[in-house]
Amino acid sequence: MTATRDEASETSSILIVDDMEENLVALEAVLGSLAQVVRAQSGEEALKAMLRQEFAVVLIDVMMPGMNGFETAANIKGLDQTKDVPIILLTGAAVDPNYAYRGYTVGAADFLIKPFDPWLLRTKVNVFLDLHRKKRQLVDQAEQLKRLLTADGGRPGIPSTAPDAARASTEPSYGTDHADPAHSAGHPAPPKAPDRLAEVAGQLAQAELLLRDTDSPGRTDLADRIVELEQAVERLMAARET
């Protein structure tokens, strides 16, 4: 199963990497109900797929011809575009006991030995899917805040008071006997900046609660970043009210 970048941006995706078709079929049967599953039958194919679209987690079989699982994981961690994608390494039971240690040294987040419990695998993968969705929600909230602040005439994070004063000194004033032409023509007044900031602050607070309610790794750091954004919004709102 493959997906374009636009399609993948709408949902979290899982990449499974194994040179054995039957193993790919089994993994997709276990994980297919959780998210979109993309297959790769070699390390090279996996790297190409990861450069084409974003994945929440990648599962890699250690024993593959050519570029093995350790080398594939190391290459993934060596690219800026893919270095933050969590990796789960999979291997058979009759393996070197040092394989797990080697897997962690190349940046793998977890290491499972076949045959593994399908429900255990689903649980582990679901943790990374949940974390990916929370991260994406945080990015969306931050981008919305940036757009609102930029649209209001200032750089993100810095209240723009000078342009407001300049506009106040050059725009005509309308008394009680003269209606604003834009309003009299039936055009609603644009929403005030504090209203837009308050809306963003509420959305950030919701994202923070979602993060703190999950047991995903890294949730605390993400929630703390949201708190910093909330505080920045509150400072901007206070600055505009003075």
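Model, not experiment: these values are computed from the prediction.

Rules used in this analysis
Residues numbered from 1 in each chain as written. Predicted model: local features only at pLDDT ≥ 70, side-chain atom pairs only at ≥ 80, totals over all residues. Heavy atoms only, no water. Buried < 20%, exposed > 50% of the residue type's maximum accessible area, 1.4 Å probe, protein only. Helix = DSSP H or I, 4+ residues; strand = E, 2+ residues; numbered from the N terminus. Pairing = 2+ DSSP bridges. Right-handed = clockwise from strand over helix to strand, strands pointing away. Core = buried A, V, L, I, M, F, W, Y, C linked by side-chain atoms within 4.5 Å. Arc of directions from axis to C-beta. Contact = heavy atoms within 4.5 Å. Axes fitted to C-alpha atoms, helices over the stretch in contact; angles between N-to-C directions. Salt bridge = Lys/Arg side-chain N within 4 Å of Asp/Glu carboxyl O. Phe/Tyr/Trp six-rings, centres within 6.5 Å; stacked < 30°, edge-to-face > 60°. pLDDT = per-residue confidence, 0-100.

**Q** Outline the pairing of strand S3 (residues 57-61), supporting the account with residue identities and numerical values.
**A** Taking burial as the measure, the five residues of S3 include five buried ones, the bulk of the element. Residues Val 57, Leu 59 and Asp 61 of S3 are buried on one face, and the alternating residues Val 58 and Ile 60, pointing to the opposite face, are buried as well. Where strand S1 (residues 13-17) lies against S3, four bridges are found, and the strand directions are parallel. Residue pairing across strands places Val 17 opposite Ile 60, the latter belonging to S3. Sheet analysis places S3 next to strand S4 (residues 87-91), joined by four bridges and oriented parallel. Note that in S4 the partner of Val 58 across the bridge is Ile 87. Handedness of the β-α-β unit built from S3, helix H4 (residues 69-77) and S4 comes out right-handed.

**Q** Pulling in residues and values, what's your account of the nonpolar core?
**A** Counting residues in hydrophobic clusters, the biggest one holds 24 residues, and the most contacted among them are Leu 15, Val 17, Val 58, Ile 60, Ile 87 and Leu 89. Considering every element that reaches this core, the biggest residue donor is helix H3 (residues 43-52), with four residues. Among the nonpolar cores identified, the runner-up in size contains 19 residues, and Ile 14, Leu 34, Ala 56 and Leu 112 belong to it.

**Q** Summarise H3; cite the residues concerned and give the values.
**A** Spacing of three or four residues puts side chains on the same side of an α-helix, whose turn is 3.6 residues. Considered for burial, the residues of H3 that qualify are Gly 43, Ala 46, Leu 47, Ala 49 and Met 50. An end-on view of H3 places all buried positions within 160° of arc, on one side of the element. Against S1, strand S2 (36-40), S3 and H4 lie the buried residues of H3.

**Q** Report on the sheet that holds S3, specifying residues and quantitative values.
**A** As summarised here, the arrangement of the five strands in space is S2-S1-S3-S4-S5, forming an open sheet in which the pairing is parallel. Each edge of the open sheet is held by one strand with a lone partner, namely S2 and strand S5 (110-113). Across the sheet, the mean angle separating the axes of adjacent strands is 20° when strand polarity is ignored. Where S1 meets S2, five bridges bridge the pair, whose relative direction is parallel. Bridge assignment links Ile 16 to a residue of S2, and that residue is Arg 39. With respect to the sheet, helix H2 (residues 21-31) is in contact with S1, S2, S3 and S4, its orientation differing from that of S2 by roughly 170°.

**Q** So, the pattern of salt bridges: which residues are in play, and what are the values?
**A** Applying the stated criterion across every chain yields a total of seven salt bridges. In this structure, Arg 39 engages Glu 21 in a salt bridge whose closest nitrogen and oxygen atoms are separated by 2.5 Å. Separated by 18 residues along the polypeptide, Arg 39 in strand S2 and Glu 21 in helix H2 bring together distant segments of the chain. According to the relative accessible area criterion, Arg 39 is partly exposed, its value standing at 25%.

**Q** Describe the packing of aromatic side chains, listing the residues and the values that go with them.
**A** The final tally for this structure, using the stated rule, is one aromatic pair. Seen in terms of ring centroids, Phe 70 and Tyr 99 are 5.2 Å apart; in terms of plane orientation they differ by 80°. Their pairing is edge-to-face. Taken together, the positions of Phe 70 in helix H4 and Tyr 99 in helix H5 (residues 99-105) put the pair 29 residues apart, joining distant regions of the chain. Neither Phe 70 nor Tyr 99 differs from the other in exposure class; each is buried.

**Q** An account of the environment of Ile 88 is needed here, citing residue identities and associated values.
**A** Its place among the elements puts Ile 88 in strand S4. Residue classification places Ile 88 among the buried positions, given a relative accessible area of 0%. Sequence separation of Ile 88 and Asp 61 is 27 residues, and the distance between their C-alpha atoms is 8.7 Å. In contact with Ile 88, other than residues within four places in its own chain, are Val 57, Val 58, Leu 59, Ile 60, Asp 110, Leu 112, Val 125 and Phe 128.

**Q** Give a detailed account of the confidence of the model for the chain, specifying residues and quantitative values.
**A** Per-residue pLDDT for the chain averages 76, and the proportion of residues at 70 or more is 63%. Taken as a whole, residues 1-9 scores under 50 in pLDDT and shows 17 contacts with residues more than four places along the chain or in a different chain. Note on residues 154-184: pLDDT is under 50 here. Beyond four places in sequence and across chains, it has 21 contacts.

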